[in-house]
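Observations on the three-dimensional arrangement
Single-letter residue listing:
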Amino acid sequence: MSNAFAPRPFDEFDDEFDLEAGYSVPGAAVPTAADLEPEPYAEPVSDQRQALQFTAPVAPTPVVQPVQDHALSEPPLPAAGFNPVGELVAGASAAFSPPMVSGHTAEVSVPRIAIHVFAERQDTLAAAERAGQDRRLSRATTQIRIGGVAAAVEAYQHEPTPPLIVVECMKDPQTLLWEVDQLAEVCDSGTKVVVVGATNDILLFRELMRRGVSEYLVAPLQPLQLIAAIGGLFADPAQPFVGRSIAFVGARGGTGSSSVAHNTAYAMSERIGANTVIVDYDLPFGTAGLDFNQDPLSGVADALSQPDRLDPVLLDRMMVRCTDKLSLFAAPATLDVDWDISPEAFEEVTTQIRSTAPFVVLDLPHLWSGWMRRTLIAADEVVVVATPDLASLRNAKNMIDLIRQGRPNDAPPRLVLNQVGVPGRPEIPAKDFGAALGVHPSLIIPFDPKVFGAAANNGQMILDAGGKSKAAEAFQTLAQIVSRRELPMIAGPRGKAGKGEGKSMFSGLFKKKS
């Protein structure tokens, strides 16, 4: 690989650095003062130049991160094939959170569009292929072709352009700009263009934005980088955010996945203070209404029967408000109807509900169908609830393997072992259970029939029925894990945190050592 593919470190600028300076051609004569008058990349203005068809993003503003003092003494960046920003974003996203774009979490939702990718490098082709298989681009149609801007120009002379084109050009900046101008002449109005290049330069970025390019990325690419860039281009300005969906599913019947989902959602709303919505997709046997002592309205059933008519006002009428920060889409829990609903309806309803709250907890039934598969793969976080027995081990392994295959760019599902420690029952040790699945249990909930039975019969949550029990502490911990937020600090009578209040699973990492 050539060093030209690697991002070059920024040079130190002196006080008289002129941003109007353009690129110099090696071997050219030294410019005089008269030669410096034109603007950078100045070319003769023609009628064709005024007809560029690219669609630029709204007010693109590059975010400049402050340089830390210790960075001045660090060694130079490695050469070819290394993209420090891409590696950092991809690693952190896979381990902890979704990719970050300009300071915002990229819980992207790409509409049903066609995306054409023209790549020159093999690693860019591989990254584009992995991005096209990602759950976030499941509704989009991605075509990947070999060749750069020249191949795109040749293709679009005989066919219309799609809503989004991703082109790669590893040539020098002057040639890149010339090829972009050639591409603009064959693009339809409204087409968005993402350019992948080899030069990490703010002057080139500004010039591409001035020409109407929507985004500029530096090779080599990571799949999550490309996904985040595409999602940012098609973000709906009328929708302030896209809520994070957390799917709970049982490895087999009787694991208590619904109880875990409801108590975790309640802990997120009451202890963390985040607005949360519970969606009970177990239409004939859902227990969300019983657990919260609410009359089960046909909220989910009505939404699934008319997904095209959903809007914020109709969704608010269908939901039951349990607390100030917790709402419920209860299942009808009736056997009078044969629930034959298309997977597209489940997908549309989930998408609409995600616009109503930062966190959406999906309580999924123990069955297997097309919509179940698609819902599990499309969720931002998947929690598999199992009991320490052989049937749960087998089913959990099948689920986790399938979800891993369908979500190659995401962290593996989380495993919760429930009902651990039943007297007289032989159990698979948690360590062996996790080793067989390749996933360490995120949480182990002890068997406590007295607390769980009293809460279920009284229509209460564990935090209310047994706030000091180990199960209540476990649900608070799981709420912090899936929401990625800490419990707020609550002051005690003398200005200190009260007993059991304000304790966080992360607080020990930040204690000062005396």
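This section reports on the structure supplied with the text. This one's a predicted model, so the numbers in the text were calculated from it and none came from an experiment.

1. What about the side chain of Arg407?
Following the sequence through the fold, Arg407 ends up in the loop between helix H13 (390-406) and strand E14 (414-420). The buried charged residue Arg407 lacks any salt bridge, with Asp410 as its nearest oppositely charged partner at 4.1 Å. For Arg407, the side chain forms a polar contact with the main-chain oxygen of Ile377, separated by 3.1 Å. Beyond its immediate chain neighbours, meaning those up to four positions away, Arg407 contacts Arg135, Leu376, Ile377, Ala378, Ala379, Asp380, Glu381 and Val382.

2. Here we look at the sheet that holds E14
Reading across from one edge, E10-E11-E9-E12-E8-E13-E14-E15 is the order of the eight strands in this open sheet, with mixed pairing throughout. Only two strands of the sheet have a single partner each, and these edge strands are strand E10 (320-321) and strand E15 (443-446). Relative to strand E12 (residues 359-363), strand E8 (residues 244-250) runs parallel, the two being bridged by five bridges. Residue pairing across strands places Ile246 opposite Val361, the latter belonging to E12.

3. Considerations on helix H2 (residues 122-132)
Listed as buried for H2 are Thr124, Leu125, Ala127, Ala128 and Ala131. Taken down its axis, H2 places every buried residue within 165° of arc, on the same side. Tucked into the core, H2 has its buried residues touching strand E3 (114-119), strand E4 (141-146), strand E5 (164-169) and helix H6 (223-233).

4. Side note on the environment of Met318
Inspection of the secondary structure assignment puts Met318 in helix H10 (residues 312-318). Since its relative accessible area comes to 9%, Met318 is described here as buried. The spatial distance from the C-alpha of Met318 to the C-alpha of Phe329 is 7.0 Å, given a sequence separation of 11 residues.

5. Some points on the packing of helix H11 (residues 343-353) against helix H12 (residues 370-378)
At a minimum axis separation of 8 Å, H11 and H12 run at an interaxial angle of 30°. The crossing of H11 and H12 is right-handed. Taken together, the residues of H12 that come into contact with H11 (itself represented by Pro343, Glu344, Phe346 and Glu347) are Gly370, Trp371 and Arg374. Among the residues forming the contact of H11 with H12, the class breakdown is three nonpolar, one polar and three charged.

6. Overview of the packing of helix H4 (residues 173-184) against helix H5 (residues 202-210)
At a minimum axis distance of 11 Å, the contact between H4 and H5 shows a crossing angle of 10°. When the axes of H4 and H5 are compared, the pair comes out roughly parallel. Every residue of H5 that contacts H4 at Pro173, Leu176, Leu177 and Val180 is listed here: Leu204, Glu207 and Leu208. Of the residues contributing to the contact of H4 with H5, the split by class is six nonpolar, no polar and one charged.

7. Observations regarding the packing of aromatic side chains
For the structure shown, the criterion picks out six aromatic pairs. Consider the rings of Tyr266 and Phe292, whose centres lie 6.5 Å apart with planes at 50°: the pair is tilted. In this pair, Tyr266 is assigned in helix H7 (residues 257-272) and Phe292 in the loop between helix H8 (288-291) and helix H9 (299-305), connecting sequence segments 26 residues apart. A relative accessible area of 10% means that Phe292 is categorised as buried.

8. Describing the sheet that holds E5
Ordered in space as E4-E3-E5-E6-E7, the five strands form an open sheet in which the pairing is parallel. Strands with a single pairing partner mark the edges of an open sheet, and in this sheet they are E4 and strand E7 (215-218). Strand-to-strand, the axes of this sheet are offset by a mean angle of 15°, without reference to chain direction. When E5 meets strand E6 (residues 192-197), the two strands line up parallel, connected through six bridges. Paired with Glu168 across the strands is Val196, a residue of E6.

9. Topic: H4
Its 12 residues place the ends of H4 16 Å apart at the C-alpha level, agreeing with the 16 Å of an ideal helix rising 1.5 Å per residue. What H4 keeps buried is the set Pro173, Leu176, Leu177, Glu179, Val180, Asp181, Leu183 and Ala184.

10. Observations concerning the pairing of E7
With four bridges joining them, E6 and E7 adopt parallel strand pairing. By the bridge assignment for E7, Gly197 is matched with Val218. In the classification by handedness, the crossover that spans E6, the intervening H5 and the parallel E7 is right-handed.

Criteria and cut-off values
- Residues numbered from 1 in each chain as written.
- Predicted model: local features only at pLDDT ≥ 70, side-chain atom pairs only at ≥ 80, totals over all residues.
- Heavy atoms only, no water.
- Helix = DSSP H or I, 4+ residues; strand = E, 2+ residues; numbered from the N terminus.
- Buried < 20%, exposed > 50% of the residue type's maximum accessible area, 1.4 Å probe, protein only.
- Lys, Arg positive; Asp, Glu negative; His and termini not counted.
- Salt bridge = Lys/Arg side-chain N within 4 Å of Asp/Glu carboxyl O.
- Polar contact = N/O pair within 3.5 Å; in protein donor to acceptor, adjacent residues only side chain to side chain.
- Contact = heavy atoms within 4.5 Å.
- Pairing = 2+ DSSP bridges.
- Arc of directions from axis to C-beta.
- Axes fitted to C-alpha atoms, helices over the stretch in contact; angles between N-to-C directions.
- Left-handed = near helix turned anticlockwise from the far one by under 90°.
- Nonpolar A, V, L, I, M, F, W, Y, C, P; charged D, E, K, R; others polar.
- Parallel < 35°, antiparallel > 145°, perpendicular 65-115°, else oblique.
- Phe/Tyr/Trp six-rings, centres within 6.5 Å; stacked < 30°, edge-to-face > 60°.
- Expected span 1.5 Å × (residues − 1).
- Right-handed = clockwise from strand over helix to strand, strands pointing away.

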